[in-house]
Amino acid sequence: MDPVGRKSLFGTDGIRGIAGRDLSAGLAYEVGRATGEVAAQGKVLVGMDTRPSGPELSHALRAGLESTGLHAVDLGVMPAGGISHLTAATRAAMGVVISASHNPAPYNGIKLLGSDGAKLSDRMEAEISSRVRPVDRGWSPVRNGVGSDWVAGMDAYLEWLAGTVSADLSGLSVMVDCANGAAYQAAPRVLRMLDVDTETTADGRDGSTINHGCGATHPQWVASQAGGRIGLALDGDADRLIAVDETGFVVDGDFLMAILARHLLRQERLEPPLVVATVMSNLGFRTAMSSLGIDTVQAKVGDRYVREEMIRRGAVLGGEQSGHIIFGDLAVTGDGLLTALQLLEVVASTGRTLVALRTEAMRRYPQVLINVEVADPSRVKDIAGIWEKVSRVEVELADAGRVLVRPSGTEPLVRVMVECLESELADRYAQELAGSIARAMNNPI
């Protein structure tokens, strides 16, 4: 038996771990049962990406939900944005995404959505976590009589996506990297519905190579395949987008927000004139927004925290450098397909290349990010020596750069980021800090 401790099972973006070890079918059942205890009665929509572990985890979680009287609806393979949209559109009690997003195939995860399609609050996740009982890792559900299929769900989602576009996209040609994940069907279907000349890559169905050398975390792959076209790289659950322009330049979430913010401002649709970003956003992004009279508000890393700040500020646009973009008047969470369509609408309606749009939008400050593998990332906040070194670097950079050190909420990593106008200097400081963290946190006591 594996006792569940008091620490919440949920990280920055749901429950995540290696399937069968950290995230077993027994745990999925218990999460479903605990969720059913706090959810309103009704139906719960459950979708997944293409990982081999997905069907068993989905079945187990749905069995747990149904044990409390809820009706679990199996959406099958579905982008996270589709699960969110359908949950809200059908007034379901909740939605569930079975995915580990950008992580490799051995990982999987559980993300819970409220009736509005948005990710649950920390308080709700803590309540569910506290109700999860000790589980037997060897338990496996009997596969019968659980849930029901909704085959028309995908059609409804894609029709909604297509309806968010008002420009004629028929003159555009794109290469789409589906990351061998949840968008392998949805992405080409919706683009072809809008008469976009579309080719796909990394469009496998079995999920054994999900995110492997492809997708939003490896945009160089679609850049190598695009052949002068716009490239669109999604991640495993398709909730984020990284683009590449016609020259192969990587257009990350900061560039996407800058392009979209400029376009919305010119159309007088950016009201109030502000964008919610995170502490990871590049200094160049904030500088570009300031030059346009657009305020930039920083939220914690995680698109649900971006949305919370958007609600607080009444913002219509927010997102992360990693490619989670939220359109406040269209969706409540990141949706890579929605972002792709909104970006293509800017290209089509302005008649400009993506190269021209991103060049005009912002200049990226050199930024170095190093991930330091550690056993317990949360310990970094308690090691005074690390923060003394961070303070020293910040003093030396003054207003010409910045430093960010933070524990990952999804992986056993401490992330070190340094940015300034000189790339060599950013690299040197980042290497020094990463080395200090590795020595302080990984040396045996």
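Preceding block: the structure.
Residues numbered from 1 in each chain as written. Predicted model: local features only at pLDDT ≥ 70, side-chain atom pairs only at ≥ 80, totals over all residues. Heavy atoms only, no water.

A. Main features of the nonpolar core. Core analysis: the biggest nonpolar cluster contains 68 residues, and Leu191, Leu232 and Leu317 have the highest contact counts within it. Not counting chain neighbours up to four residues away, the residues in contact with Leu191 comprise Val174, Val176, Val196, Thr198, Leu232, Leu341 and Leu344. If you look at the next biggest cluster of nonpolar residues, it comprises 27 residues, including Leu23, Leu27, Ala60 and Ile128. (Core = buried A, V, L, I, M, F, W, Y, C linked by side-chain atoms within 4.5 Å. Buried < 20%, exposed > 50% of the residue type's maximum accessible area, 1.4 Å probe, protein only. Contact = heavy atoms within 4.5 Å.)

B. A look at the side chain of Arg51. Take Arg51: it is sitting in the loop between strand E2 (43-48) and helix H2 (54-66). By relative accessible area, Arg51 is classed as buried at 1%. A distance of 2.9 Å separates the side chain of Arg51 from the backbone oxygen of Ser101, its partner in a polar contact. From its side chain, Arg51 meets the backbone oxygen of Tyr107 in a polar contact 3.2 Å long. Setting aside anything within four residues of it in sequence, one finds Arg51 in contact with Ser99, Ala100, Ser101, Asn103, Pro104, Ala105, Tyr107, Asn108, Asp206, Gly207, Ile210 and Asn211. (Helix = DSSP H or I, 4+ residues; strand = E, 2+ residues; numbered from the N terminus. Polar contact = N/O pair within 3.5 Å; in protein donor to acceptor, adjacent residues only side chain to side chain.)

C. A look at the sheet that holds strand E10 (residues 241-244). The five strands are arranged E8-E7-E9-E10-E11 in an open sheet whose pairing can be described as mixed. On the outer flanks of this sheet lie strand E8 (197-201) and strand E11 (250-251), each paired with one strand and no other. (Pairing = 2+ DSSP bridges.)

D. Broad picture of the sheet that holds strand E17 (residues 401-407). Pairing is antiparallel across the open sheet formed by three strands, whose spatial order is E16-E18-E17. In this open sheet, the two edge strands, each paired with only one partner strand, are strand E16 (367-373) and E17. Geometrically, the sheet is characterised by an average inter-axis angle of 10 degrees between neighbouring strands, direction not taken into account. Pairing analysis gives seven bridges linking E16 to strand E18 (residues 413-420), with the strands arranged antiparallel. Bridging across to E18, Ile370 finds its partner in Val416. On top of the sheet, helix H13 (residues 384-397) reaches E17 and E18; it is set at about 160 degrees to E17, its chief contact. (Axes fitted to C-alpha atoms, helices over the stretch in contact; angles between N-to-C directions.)

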